[in-house]
Amino acid sequence: MAVPRILAVAAATGRVGCVYLVGGRIKDWRVSRKAAQSPRDAAEQTQKWINRLKPEVVVTEKVEEAAKKGEKTKEIVRAVARTAEHNYVLDVSVAREHDFANKYEEAAALAKRHPEIAAWVPKKRRFFDTEPRNTVLFEALSLAEAVMRGGPTRLGAAMG
């Protein structure tokens with residue numbers, strides 16, 4: 001089975017990010033502040049991404065297992081998943097794996113595997129700084145990689 005065109009979408013407070021992969025390689029990535037304003041805005045932006053990029057699979061985080069996400073952010077993720085469901089794409093929700101000590105180590109590791117996004121690796125914040133907006137890109141990439149690691153079996157399970 002060929003690796004499908006994957007659009008992975010992640011949400012965080014104040015921003016929604018997407019990463020588009022074809023054959024396992026990043027072809028596009030975006031961050032939207034407007035999409036994070038409401039579930040309606042998230043659905044509208046997701047529809048634009050789907051129309052433009054034409055993915056076969058849309059990946060989101062399983063909100064039931066997203067303990068660190070606020071309720072508004074979870075509603076935004078649900079809106080993204082609903083939008084994918086209404087299109088002719090496979091909608092896959094995966095648990096976010098936390099294999100690293102923090103988001104910054106994860107971003108650095110992902111950038112080594114995907115050098116095209118290396119310039120976007122966020123610098124570690126000081127405790128009083130807000131979280132860098134680019135972290136959401138690496139969250140999305142992590143979700144996409146979780147599906148790609150599972151291969152056809154994971155996609156098949158998501159369909160059932």
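Check the entry above for the structure.
The structure contained in this document is the topic of the report that follows. (Residues numbered from 1 in each chain as written. Predicted model: local features only at pLDDT ≥ 70, side-chain atom pairs only at ≥ 80, totals over all residues. Heavy atoms only, no water.)

1. As for the environment of Val 9
Part 1: Mapped onto the fold, Val 9 is located in strand E1 (residues 6-12).
Part 2: Residue class for Val 9 comes out buried when judged on its relative accessible area of 3%.
Part 3: Each C-alpha atom of the pair Val 9 and Leu 143 lies 8.0 Å from the other, and the pair is 134 residues apart in sequence.
Part 4: Not counting residues up to four positions away in its chain, the partners in contact with Val 9 are Val 16, Gly 17, Cys 18, Trp 49, Val 59, Thr 60, Glu 61, Val 80, Ala 140 and Leu 143. (Helix = DSSP H or I, 4+ residues; strand = E, 2+ residues; numbered from the N terminus. Buried < 20%, exposed > 50% of the residue type's maximum accessible area, 1.4 Å probe, protein only. Contact = heavy atoms within 4.5 Å.)

2. Things to note about the packing of helix H1 (residues 39-53) against helix H2 (residues 71-85)
Part 1: Direction vectors running N to C along H1 and H2 enclose 40°, while the axes themselves pass 8 Å from each other. Between H1 and H2, the angle is such that the two are oblique. Here H1 runs over H2; the crossing is right-handed. On the side of H1, the interface is formed by Pro 39, Ala 42, Ala 43, Thr 46, Gln 47 and Ile 50, while H2 contributes Glu 75, Ile 76, Ala 79, Val 80, Thr 83 and Ala 84.
Part 2: When grouped by side-chain class, the residues that make up the contact of H1 with H2 number eight nonpolar, three polar and one charged. (Axes fitted to C-alpha atoms, helices over the stretch in contact; angles between N-to-C directions. Parallel < 35°, antiparallel > 145°, perpendicular 65-115°, else oblique. Left-handed = near helix turned anticlockwise from the far one by under 90°. Nonpolar A, V, L, I, M, F, W, Y, C, P; charged D, E, K, R; others polar.)

3. Considerations on the packing of aromatic side chains
The geometry of an aromatic ring pair comes down to the distance between the two centres and the angle between the two planes.
Part 1: Across all of its chains, the model carries one aromatic pair by this definition.
Part 2: Measuring from ring centre to ring centre gives 6.0 Å for Trp 29 and Trp 120, while their planes differ by 80°; the resulting arrangement is edge-to-face. Placement of the pair is Trp 29 in strand E3 (residues 25-32) and Trp 120 in the loop between helix H3 (103-113) and helix H4 (135-159), with a sequence separation of 91 residues. (Phe/Tyr/Trp six-rings, centres within 6.5 Å; stacked < 30°, edge-to-face > 60°.)

4. Observations regarding the sheet that holds strand E5 (residues 90-94)
Part 1: Overall, mixed pairing links the five strands, which are arranged E3-E2-E1-E4-E5 in an open sheet. Only two strands of the sheet have a single neighbouring strand rather than two, namely E3 and E5. Averaged over all pairs of adjacent strands, the angle between strand axes in this sheet comes to 20°, irrespective of strand direction.
Part 2: Relative to E5, strand E4 (residues 57-61) runs parallel, the two sharing five bridges. By the bridge assignment, Thr 60 is partnered in E5 with Ser 93.
Part 3: In this fold H1 packs onto E1, strand E2 (15-22), E3 and E4, with an angle of close to 155° to the strand it touches most, E3. (Pairing = 2+ DSSP bridges.)

5. A short note on the nonpolar core
Part 1: Grouped together as the largest cluster of nonpolar side chains are 25 residues, with contacts concentrated most on Val 19, Val 59, Val 94 and Leu 141.
Part 2: Those elements that provide at least two residues to this core are E1, E2, E3, E4, E5, H3 and H4.
Part 3: Per-element accounting of this core gives the leading share, nine residues, to H4.
Part 4: Of all hydrophobic cores here, the second largest spans 20 residues; its members include Ala 36, Trp 49, Ile 76 and Ala 84. (Core = buried A, V, L, I, M, F, W, Y, C linked by side-chain atoms within 4.5 Å.)

6. With respect to the environment of Ser 32
Part 1: You can see Ser 32 is positioned in strand E3.
Part 2: On the basis of relative accessibility, which here comes to 9%, the residue Ser 32 falls in the buried class.
Part 3: Dropping the residues within four chain positions of it, Ser 32 is found in contact with Gly 14, Arg 15, Val 16, Gln 45 and Trp 49.
Part 4: Side-chain polar atoms of Ser 32 contact the backbone nitrogen of Lys 34, separated by 3.4 Å. (Polar contact = N/O pair within 3.5 Å; in protein donor to acceptor, adjacent residues only side chain to side chain.)

7. A word on the pairing of E1
Part 1: With seven of seven residues buried, E1 lies mostly within the body of the structure.
Part 2: Neither face of E1 is left uncovered, since the one carrying Ile 6, Ala 8, Ala 10 and Ala 12 and the one carrying Leu 7, Val 9 and Ala 11 both have all their residues buried.
Part 3: Across seven bridges, E1 lies against E2 in antiparallel orientation. Each bridged residue has a counterpart across the sheet, and for Ala 12 the counterpart in E2 is Arg 15.
Part 4: The antiparallel pairing of E1 with E2 creates a hairpin that spans two residues between the two strands, and Gly 14 there sits at a positive phi of about 85°.

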